[in-house]
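So the chains spell out like this:
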Protein chains: 2
Amino acid sequence: MYPKPIQQLLELFSQFPTIGPRTAGRMVFYLLKSKGNSFDEFLKALKNLREQMKLCAFCFNPFNSGVELCAVCKDPMRDKSILCVVEKEEDLATLEQTKTFQGLYFILGGTVGNLRKEDLQNLRTEELKARIEHPETFGVQASFQEIILALNPTTEGEATALYLERELKYAKVKLTRLGRGLPIGGELEYADAETLRQSLENRR
Amino acid sequence: MYPKPIQQLLELFSQFPTIGPRTAGRMVFYLLKSKGNSFDEFLKALKNLREQMKLCAFCFNPFNSGVELCAVCKDPMRDKSILCVVEKEEDLATLEQTKTFQGLYFILGGTVGNLRKEDLQNLRTEELKARIEHPETFGVQASFQEIILALNPTTEGEATALYLERELKYAKVKLTRLGRGLPIGGELEYADAETLRQSLENRR
């Protein structure tokens, strides 16, 4: 056991995603060794995050200007008939960088590998339904014709998409997924069977 | 690019050991999603670390009680004739948990894979020499007969041990290393050739 201040911070760092106790320890010792100024800079950055960032009332994307909505949701030029559901903030940023998608987003907050109640609680399923039914309540004038379930093509992503398809069936809105096939630069020789099968099916 | 408060903290997290930009992003978004209380708890733990922890004047181990020395260095029962040089705080904690070693420690602060000047600066070589020559200056009445270079049996650890052996030759003190061989629970079938060679040499 380390002294209490070390142990406490180590345990908090261990709760961060993908951080185990070993990495958490390295992080604490890194902070301990860092000079006063860089420690203060770190504390300041944390406080800025705490004070300046809000979650968008509609899509849950963090933002730091304006009143209620993030830059995407309040942009009058965005296509208000199509909603792209992503797992996490990073996925939204990655899609947005492509400058291809012009609709709105919704950050689901996770994926589930099974349909256990405690896992499903981590998804913003009810929030998603509310935004599809009454977008104006959340500050957005929209009428969605299509929902893209842009989840990862992994077991968890698939399970979550299937779950959402079932949950959203009542809404009578078109549900789609991202296309499948060979990635650019990918080599046929090394592609897995399922990707190849889908690339044959979706041939263009 | 993310909003500035996110980007700033993401870059600071990326500087932590073993943390890449992707993990750094996850950490920032985890903090953003965490409720006010747990964010405050995290900030408090950081402040406690900043305010309460000092580095031991002799061995550089972090501690939070007493005046100058950590619990090991100020313990009158410890063997003041043997000094164990370790790479990092975690190594000291791991050795200490075995309750086998009764001497003092010194945290070197890293290892080097080559002898470039900028890499060698990260090692506390001069601090180590000063503590071997004049331990009393750092609050410890000691006279070291043996220095154990307890570094990892890796390329970096080996290179660092060889470097220290050369640097400490003048001190006319016995320099040793940790024993080599099969680890408990290890299987001969899966041991690498070098470990086997050393386990044959060091047979008991």
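Small disclaimer: the values here were computed from a predicted structure and weren't measured.

1. Some words on the overall build of chain A
A count of helical and extended segments in chain A gives nine helices and six strands. Whereas a compact globule of 204 residues would reach a radius of gyration of roughly 17 Å, chain A reaches 21 Å, over 25% beyond that. The C-alpha extent of chain A, read off along each of the three principal axes, is 60 × 50 × 35 Å. Counting across all 204 residues of chain A, residues that qualify as buried make up 26%. Considering only contacts in chain A between residues 6 or more positions apart, those separated by 24 or more positions represent 47%.

2. Looking at the sheet that holds strand E6 (residues 174-177) of chain B
All names here are of chain B. One open sheet holds the four strands; their spatial order is E4-E3-E5-E6, and the pairing between them is parallel. One side of each edge strand has no neighbouring strand; the edge strands of this open sheet are strand E4 (104-107) and E6. Going across the sheet, the axis of each strand differs from the next one's by a mean of 25 degrees, ignoring polarity. Bridge count for strand E5 (residues 146-149) against E6 is four bridges, and the pairing is parallel. Counterpart to Ile147 in the pairing with E6 is Leu175.

3. Side note on the confidence of the model for chain A
Per-residue pLDDT for chain A has a mean of 90; in total, 99% of the residues score no lower than 70. Two summary scores accompany this predicted model of the complex, namely pTM at 0.77 and ipTM at 0.79.

4. A few points about the environment of B:Lys4
The residue B:Lys4 is located in helix H1 (residues 4-14) in this model. Between the C-alpha atom of B:Lys4 and that of B:Leu108, which follows or precedes it by 104 residues, the distance is 37 Å.

5. Notes on the interface of chain B and chain A
Contacts between the two partners involve 38 residues from chain B and, on the opposite side, 38 residues from chain A. The leading source of residues in the side of chain B that touches chain A is helix H3 (residues 36-52) of chain B, at 10 residues. In terms of residue class, the side of chain B that touches chain A is built from 24 nonpolar, seven polar and seven charged.

6. Remarks on the relation of the copies chain B and chain A
The transformation that overlays chain B on chain A combines an axial shift of 0.1 Å with a rotation of 180 degrees, and the residual RMSD is 0.1 Å. The relationship between the two copies is best expressed as a two-fold rotation axis. Of every C-alpha in chain B, the one belonging to B:Leu43 sits nearest the axis of rotation, 3.7 Å from it. Comparing interface residues between copies, 100% of those in chain B also lie at the interface in chain A; the contact surface is shared.

7. Topic: the sheet that holds strand E4 (residues 104-107) of chain A
All names here are of chain A. The sheet built from four strands is open, its strands ordered E4-E3-E5-E6 with parallel pairing. Each edge of the open sheet carries a strand with a single partner, namely E4 and strand E6 (174-177). Taken pair by pair, the neighbouring strands of this sheet meet at an average axis angle of 25 degrees, ignoring direction.

8. Quick look at the packing of helix H1 (residues 4-14) of chain A against H3(B)
It is the contact of H1(A) with H3(B), at a shortest axis distance of 9 Å, that shows an interaxial angle of 150 degrees. Comparing their axes, H3(B) and H1(A) come out roughly antiparallel. Judged by the twist between their axes, the crossing of H1(A) over H3(B) is left-handed. On the side of H1(A), the interface is formed by A:Pro5, A:Ile6, A:Gln8, A:Leu9 and A:Leu12, while H3(B) contributes B:Glu41, B:Phe42, B:Ala45, B:Leu46, B:Asn48, B:Leu49 and B:Gln52. Of the residues in the contact of H1(A) with H3(B), the class split is eight nonpolar, three polar and one charged.

9. Things to note about H1(B)
Within H1(B), the full set of buried residues consists of B:Pro5, B:Ile6, B:Leu9, B:Leu10 and B:Phe13. Mapping the buried residues of H1(B) onto a view down its axis gives an arc of 125 degrees, with all of them on the same face. Next to the buried residues of H1(B) lie helix H3 (36-52) and strand E2 (62-63) of chain A together with helix H2 (21-33) of chain B.

10. Considerations on the packing of H1(A) against helix H2 (residues 21-33) of chain A
Residue and element names in this part refer to chain A. As a packed pair, H1 and H2 sit with axes 8 Å apart at the nearest point and diverge in direction by 130 degrees. The angle between H1 and H2 places the two elements in the oblique class. You can see that H1 and H2 cross each other, and the crossing is right-handed. Counted together, Ile6, Leu9, Leu10, Phe13 and Ser14 of H1 and Pro21, Ala24, Gly25, Met27 and Val28 of H2 form the full contact between these two elements. Taken together, the residues of the contact of H1 with H2 sort by class into eight nonpolar, two polar and no charged.

11. Remarks on the domain arrangement of chain A
Here the domain parsing of chain A yields domain 1 (4-52) and domain 2 (68-177). Computed from C-alpha atoms alone, the centre-to-centre distance between domain 1 of chain A and domain 2 of chain A is 32 Å.

12. Side note on the nonpolar core
Counting 30 residues, the largest nonpolar core has A:Leu9, A:Val28, B:Leu9 and B:Val28 as the members making the most contacts within it. Elements with a contribution of two residues or more to this core: H1, H2 and H3 of chain A together with H1, H2 and H3 of chain B. Contact partners of A:Val28, with chain neighbours within four places excluded, come to A:Ile6, A:Leu9, A:Leu10, A:Phe13 and B:Leu49.

13. Observations concerning the environment of A:Val86
Residues and elements named next belong to chain A. Mapped onto the elements, Val86 comes out in strand E3 (residues 82-86). Residue classification places Val86 among the buried residues on the basis of 24 C-beta atoms within 10 Å. Measuring from C-alpha to C-alpha, the distance between Val86 and Thr111 comes to 9.5 Å, with 25 residues separating the pair along the chain. Not counting chain neighbours up to four residues away, the residues in contact with Val86 comprise Asp91, Leu92, Leu95, Tyr105, Ile107, Leu108 and Ala150.

14. Observations regarding unusual backbone geometry
If you check the backbone angles, A:Thr18 has positive phi at about 65 degrees while not being a glycine. If you trace the backbone, A:Thr18 turns up in the loop between H1 and H2. Backbone geometry places B:Phe60, a non-glycine residue, at a positive phi of 70 degrees. When you line up the elements, B:Phe60 lands in the loop between strand E1 (54-55) and strand E2 (62-63).

Thresholds applied
Residues numbered from 1 in each chain as written. Chains lettered and ligands numbered in written order. Predicted model: local features only at pLDDT ≥ 70, side-chain atom pairs only at ≥ 80, totals over all residues. Helix = DSSP H or I, 4+ residues; strand = E, 2+ residues; numbered from the N terminus. Rg over C-alpha atoms; globule rule 2.2 N^0.38 Å. Buried ≥ 20, exposed ≤ 12 C-beta atoms within 10 Å, placed from the backbone. Contact = placed C-beta atoms within 7 Å. Pairing = 2+ DSSP bridges. Axes fitted to C-alpha atoms, helices over the stretch in contact; angles between N-to-C directions. pLDDT = per-residue confidence, 0-100. Nonpolar A, V, L, I, M, F, W, Y, C, P; charged D, E, K, R; others polar. Least-squares fit on C-alpha atoms with pLDDT ≥ 70 in both. Parallel < 35°, antiparallel > 145°, perpendicular 65-115°, else oblique. Left-handed = near helix turned anticlockwise from the far one by under 90°. Arc of directions from axis to C-beta. Domains from an automatic or database assignment. Core = buried A, V, L, I, M, F, W, Y, C linked by C-beta atoms within 7 Å.

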